[in-house]
Amino acid sequence: MRVFITGASGWIGSAVVPELIGAGHQVVGLARSDASAAALAAAGAEVRRGTLDDLDTLRSAAADADGVIHLAFKHDIAFSGGFDDAADADRRAIDTFGEVLTGSDRPFLIASGTLGLAPGRVATEQDGQESGPVGAHLVGGPAKRLANAHATVALADRGVRSLVVRLPPTVHGDGDHGFLATVVAIAREKGVSGYIGDGDNRWPAVHRSDAAHLFRLALESAPAGSTLHAIADEGVPIRTVAEVVGRHLGLPVASVSPDDAPGHFSWLAGFLGMDSPASSSHTRELLGWQPTRSGLIDDLDKGHYFTTVPRN
């Protein structure tokens, strides 16, 4: 297929691009900077210059493609007080792609998330669907992003092979600048590797190469309207993560009270305290997807997180 990808030079996209090219697909990647364009060209992808707000560019690229994978999200503004605006931009892009692809039966994949989907229990692919109560606790930007996933799934009724791939809060690997790298940076800054409360709350995880493989399998064969989970580790206790970080950095490991968490972890506190395990049983059965890369703790123990500096 000729596949148009937004976010193609990002953390997930830069793994999806070679996964697709290696399987014989042609990739066209959206690039908003010279650096992104150079990275995509070096990976063997065709470059389409533009941003997520250039709806005419998105429309034209989708019309020329056999399928679309939408990975871009304005994380820079989402985690600095502008989550609503980021979710609104995401919805405009989704609606634009939906208009172009209606009636074509072409695949359209978006990335969504599992964090906060079903707090306190293992979330499944069936959770968070529009007809169910799960997700009613979400407000603002997170609620809008869940609604964006609902809108994507609904495109199946309009002749689009629409698919939602939910990612865990940590998609790990060498070069990660996300949540996990931020946890390490905070430990360095504070001189203690902390966790909130008893630290028994769990985060699911997946290696980014395994996630990229799932995106390819979904593009090639997942049924219209599917919601898929890119989950390898169902739930790793945050205290266990803190213990590994403390051991590698030679720092004490300690609990941070929920009241003190915002001061210690800043914007990350609201996420780090969530108990949000998730399963991928249905996804594995449906597509035969089996994660093969290192789990979260094994990946942490490789040491690369302790030489990586997170981006601002």
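Residues numbered from 1 in each chain as written. Predicted model: local features only at pLDDT ≥ 70, side-chain atom pairs only at ≥ 80, totals over all residues. Heavy atoms only, no water.

*Asks:* Residues and numbers for the sheet that holds strand 1 (residues 2-6), please.
*Replies:* Strand pairing within a sheet occurs via backbone hydrogen bonds; the two strands may be parallel or antiparallel. The 7 strands lie next to each other as 3-2-1-4-5-6-10, forming an open sheet whose pairing is parallel. Every other strand in the sheet has two partners, leaving strand 3 (46-49) and strand 10 (226-229) as the edge strands with one partner each. Neighbour-to-neighbour, the strand axes of this sheet turn through a mean angle of 20°, independent of strand direction. Bridge count for strand 5 (residues 107-113) against strand 6 (residues 161-167) is 7 bridges, and the pairing is parallel. (Pairing = 2+ DSSP bridges. Helix = DSSP H or I, 4+ residues; strand = E, 2+ residues; numbered from the N terminus. Axes fitted to C-alpha atoms, helices over the stretch in contact; angles between N-to-C directions.)

*Asks:* Talk me through the pairing of strand 4 (residues 67-70); I want residue IDs and the actual numbers.
*Replies:* Every second residue of strand 4 is oriented toward a common face, with G67 and I69 on one face and V68 and H70 on the other, all of them buried. The pairing of strand 1 with strand 4 spans 4 bridges and is parallel. Residue pairing in the sheet places I5 in a bridge with I69 of strand 4. Where strand 4 and strand 5 come together, 3 bridges link them in parallel fashion. Of the residues in strand 5, the one forming a bridge with I69 is L109. (Buried < 20%, exposed > 50% of the residue type's maximum accessible area, 1.4 Å probe, protein only.)

*Asks:* Which residues make up the sheet that holds strand 9 (residues 202-207), and what are the values?
*Replies:* Strand order across the open sheet formed by 3 strands is 7-9-11, with mixed pairing between neighbours. With one partner strand each, in any of the chains shown, strand 7 (170-172) and strand 11 (233-237) form the two edges of the open sheet. Sheet twist, expressed as the average angle between the axes of neighbouring strands with direction ignored, equals 40°. Pairing geometry for strand 7 and strand 9, over 3 bridges, is parallel.

*Asks:* Run through unusual backbone geometry, naming residues and quoting values.
*Replies:* Leaving glycine aside, a negative phi is the common case for residues, and trans is the common case for peptide bonds. Notably, D105 is not glycine yet its phi reads approximately 60°, a positive angle. Counting through the fold element by element, D105 comes out in the loop between helix 4 (75-101) and strand 5. Note on D105: relative accessible area 58%, which makes it exposed. Phi at S266 is positive, roughly 60°, even though this residue is not glycine. Tracing the sequence through the fold places S266 in the loop between helix 9 (261-265) and helix 10 (269-272).

*Asks:* Give a description of the nonpolar core that names residues and reports values.
*Replies:* Of all hydrophobic cores here, the largest spans 34 residues; its most connected members are I5, V16, I69 and F215. Where this core is concerned, the elements lending two or more residues are strand 1, helix 1 (13-22), strand 2 (26-31), helix 2 (34-43), strand 5, strand 6 and helix 7 (208-221). The leading source of residues in this core is helix 7, at 7 residues. Those residues in contact with I69 that sit more than four places away from it in its chain are V3, F4, I5, T6, V16, L20, L109, F215 and L219. Core analysis: the second largest hydrophobic core is formed by 21 residues, L30, F97, L101 and F108 among them. (Core = buried A, V, L, I, M, F, W, Y, C linked by side-chain atoms within 4.5 Å. Contact = heavy atoms within 4.5 Å.)

*Asks:* Talk me through empty space enclosed by the protein; I want residue IDs and the actual numbers.
*Replies:* Over the atoms, a rolled probe matching the size of one water molecule traces out where space is still vacant. Taken as a whole, this structure holds 3 cavities of 30 Å³ or more when the rule is applied. By volume, the largest cavity amounts to about 50 Å³. Looking at the largest cavity, the residues that line it are S112, G128, Q129, L146, A149, H150, V153, V164, R166 and T227. Those elements that place two or more of their residues in the lining of the largest cavity are helix 5 (140-154) and strand 6. Of all the elements, helix 5 adds the most residues to the lining of the largest cavity, at 4 residues. A class-by-class count of the residues in the lining of the largest cavity yields 4 nonpolar, 5 polar and 1 charged. (1 Å grid on protein atoms, 1.4 Å probe; cavity = no way out; pocket = protein on both sides within 12 Å on 5 of 7 lines; lining within 4 Å. Points joined across faces, edges and corners; volume = space filled by probe spheres on them. Nonpolar A, V, L, I, M, F, W, Y, C, P; charged D, E, K, R; others polar.)

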